[in-house]
Amino acid sequence: MGGNKSVLTAYFLWLTTGLFGFHHLYLNREEQAWLWATSWGGYLVGWVRDLWRIPAYTRDANDDPEFLAILAEQMRFRPKPPLYLTFVLGQWIFGAAWYNVFANAVDVEWAATSHALGIGGAALGVYLVGHVGRRCGSFWAAVAGACVGHCVAAAASEGDPHASLGAFTVLGALIVFNWKREWRREYRAVERQRGCLRKLCRLGGFCAFFYALTISAIYFNGKIETNEGETVRIRDSIDNMLNSPAWKEFKDNVWLLYQQAQQRGWEETWKEIKNSLDLEGESRSYTILGVEEGCEFSEIKKAYRKLAREWHPDKNPGNEEAAQVRFMEIQEAYQKLEKIHKRRSGSGRSSEEDAPAPDDSASSRRAGKKRKSRRSGEF
């Protein structure tokens, strides 16, 4: 990912993998890539904003002389990077979101660990947003500010302080970090030396860490509603599921299947699994015709003729539609079993004369009025 960066390549990555921050990784903006990968493109808002920001990001990555001249002018007149509303808002959003994820990643009984993780999450969110582009700051300044804000909220709040803990923690980190902010003058020297694979590994490792905490927070503090309207913690529901008779039966079946595969071989076991899933509909066809599986084909034919006469639409006046559906179901079941029988027996002889095609009930009734044949509807 070294050398001159292309605007077209950046836009292609923005369009295809922008929600995961790959275009920022390409432009040597690793911190922003981490933020995007853990928030689906900055909660989509940042991804949309990049649509018109990518040309400036590309000039920045390429050390464009005109871009550097404007930047040098800003640095000359401003000792610190300007504080824009979008920048401060981004720090607040990520600081608050990460405070909640980190603080809830452990059980509520571990209060001290929860407080420490919350402080770290708020400081990390504020720090990463503040480290984007040509600005930088101290992570430990953000941590110190978060600690002060956290302690102030805990001391000033009456009763349950959790409602204000997160807000004051993020606010403290934001104030102290921006107070100590400065320009990043040696820009991208380290990032440009890192290869593509190393950057991807760093991004993957950070995402694994963040999403592991997210899953932990859902496990310990998430809740679901039962069919009766009762609220149950996800942690408790998972424990109940793992101790349920259905889960124990599932584990026993998996173990039996494994033992069977060890004895008979995996190929034979896979064949039995496919048969049990009834992929061809053979078992269902036996059930529809009311015969036992593996019976002689003559019994299948006999059962088919009986059911076909019983459910022929002409034999069910006043219930023609339901009879027609049932009649077609019987026809399909017989034809399916007949096809399977011929394939397994290797017989090429057709027995279509024994399997009458589905009749249209209306046309059959009209034909019956024209000729009063005693064979009408017989099989």
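Residues numbered from 1 in each chain as written. Predicted model: local features only at pLDDT ≥ 70, side-chain atom pairs only at ≥ 80, totals over all residues. Heavy atoms only, no water.

### Brief notes about the overall build of the protein chain
In terms of helices and strands, the protein chain carries 19 helices and 4 strands. Counting the 379 residues in the protein chain, one finds 38% classified as buried. Accessible surface for the protein chain amounts to roughly 22900 Å². Of this, 58% is attributable to carbon and sulfur atoms. (Helix = DSSP H or I, 4+ residues; strand = E, 2+ residues; numbered from the N terminus. Buried < 20%, exposed > 50% of the residue type's maximum accessible area, 1.4 Å probe, protein only. Areas by Shrake-Rupley, 256 points an atom, 1.4 Å probe, with all protein chains shown as cover.)

### Let's talk about unusual backbone geometry
One non-glycine residue with positive phi stands out, namely aspartate 63, at about 55°. Within the element layout of this structure, aspartate 63 appears in the loop between α5 (45-61) and α6 (65-77). The exposure class of aspartate 63 is partly exposed, given its relative accessible area of 29%. Positive phi values are uncommon outside glycine, yet aspartate 278 reaches one of about 55°.

### Re the pattern of salt bridges
Taken as a whole and judged by the stated rule, the model has 13 salt bridges. Arginine 233 is the salt-bridge partner of aspartate 236, the closest N and O atoms lying 3.4 Å from each other. Judged by relative accessible area, which is 27%, arginine 233 ranks as partly exposed. Linked through salt bridges whose partners overlap, the residues forming this network are Arg29, Asp60, Asp63 and Arg134. (Salt bridge = Lys/Arg side-chain N within 4 Å of Asp/Glu carboxyl O.)

### Remarks on the environment of glycine 130
If you trace the backbone, glycine 130 turns up in helix α8 (residues 111-130). Overall, the relative accessible area of 0% leaves glycine 130 in the buried class. Measuring from C-alpha to C-alpha, the distance between glycine 130 and alanine 142 comes to 9.9 Å, with 12 residues separating the pair along the chain. With residues near it in sequence (within four places) discarded, glycine 130 still touches Phe87, Gln91, Arg135, Cys136 and Phe177. (Contact = heavy atoms within 4.5 Å.)

### Comments concerning the nonpolar core
Counting residues in each nonpolar core, the largest one holds 36 residues, and the members touching the most others are Leu35, Trp98, Phe102, Leu124 and Leu128. Those elements that place two or more of their residues in this core are α3 (30-37), α7 (85-103), α8, α9 (139-156), α10 (162-179) and α12 (196-221). Ranked by residues supplied to this core, first place goes to α8 with 8 residues. Residues in contact with leucine 128, not counting those within four places in the same chain, are Glu31, Trp34, Leu35, Trp98 and Phe206. Counting residues in each nonpolar core, the second largest holds 16 residues, with Leu289, Phe327, Ala333 and Tyr334 among its members. (Core = buried A, V, L, I, M, F, W, Y, C linked by side-chain atoms within 4.5 Å.)

### With respect to the packing of aromatic side chains
Within the structure shown, the criterion is met by 20 aromatic pairs. Taken together, a centroid distance of 6.3 Å and an interplanar angle of 90° make the contact between tyrosine 11 and tryptophan 14 edge-to-face. A residue pair is termed a helical-turn pair when its members lie 3 or 4 positions apart in one helix, as tyrosine 11 and tryptophan 14 do in helix α1 (residues 7-17) at 3 residues. With centroids separated by 5.2 Å and ring planes inclined at 45°, the aromatic side chains of tryptophan 98 and phenylalanine 210 adopt a geometry described as tilted. Residue tryptophan 98 is located in helix α7, and its partner phenylalanine 210 is located in helix α12; the two are separated by 112 residues in the primary sequence. An identical accessibility class is assigned to tryptophan 98 and phenylalanine 210; each is buried. Members of the aromatic cluster, connected to one another through ring pairs, are Trp34, Tyr43, Phe94, Trp98, Phe102, Phe206, Phe209, Phe210 and Tyr211. Sitting above the plane of the tyrosine 57 ring, arginine 29 keeps its charged end 3.9 Å from the centroid. (Phe/Tyr/Trp six-rings, centres within 6.5 Å; stacked < 30°, edge-to-face > 60°. Lys NZ or Arg CZ within 6 Å of the ring centre and 35° of its normal.)

### Some remarks on the confidence of the model for the protein chain
This prediction gives the protein chain a mean pLDDT of 84; 87% of its residues lie at or above 70. Considering only residues more than four positions removed or in separate chains, one finds that residues 349-358, a stretch of pLDDT under 50, has 18 contacts. Within the model, the stretch residues 360-379 combines pLDDT values under 50 with 15 contacts to residues more than four positions away or in other chains. (pLDDT = per-residue confidence, 0-100.)

### Re a nonpolar patch on the surface
Among the surface-exposed residues, Tyr43, Leu89, Trp92, Ile93, Val148, Val152, Phe168, Leu171 and Ile175 lie close enough to one another that they form a single nonpolar patch of about 790 Å² accessible area. For the nonpolar patch, the secondary-structure elements that each account for two or more residues are α7, α9 and α10. Counting through the fold element by element, tyrosine 43 comes out in helix α4 (residues 40-43). (Patch = residues over 30% accessible without salt bridge, like charges linked within 9 Å, V, L, I, M, F, W, Y side chains within 5 Å.)

### Some points on the packing of helix α14 (residues 245-264) against helix α15 (residues 266-277)
Closest axis-to-axis distance for the α14/α15 pair is 7 Å, and the angle between their directions is 130°. Compared by their axis directions, α14 and α15 come out oblique. The segment α14 lies against α15, with Leu257, Tyr258, Gln260, Ala261, Gln262 and Arg264 engaging Trp266, Glu268, Thr269, Glu272 and Ile273. Counted by class, the contact of α14 with α15 contains 5 nonpolar, 3 polar and 3 charged residues. (Axes fitted to C-alpha atoms, helices over the stretch in contact; angles between N-to-C directions. Parallel < 35°, antiparallel > 145°, perpendicular 65-115°, else oblique. Nonpolar A, V, L, I, M, F, W, Y, C, P; charged D, E, K, R; others polar.)

### Observations concerning the packing of α1 against α5
The interhelical angle for the contact between α1 and α5, taken along N-to-C directions, is 160°, at an axis separation of 10 Å. One element, α1, and the other, α5, form an angle in the roughly antiparallel class. The two elements α1 and α5 cross, and the hand of that crossing is right-handed. Seen from α1, the contacting residues are Val7, Ala10, Tyr11 and Trp14; seen from α5, they are Trp47, Asp50, Leu51, Trp52, Ile54, Pro55 and Thr58. Per-class residue counts for the contact of α1 with α5 are 9 nonpolar, 1 polar and 1 charged. (Left-handed = near helix turned anticlockwise from the far one by under 90°.)

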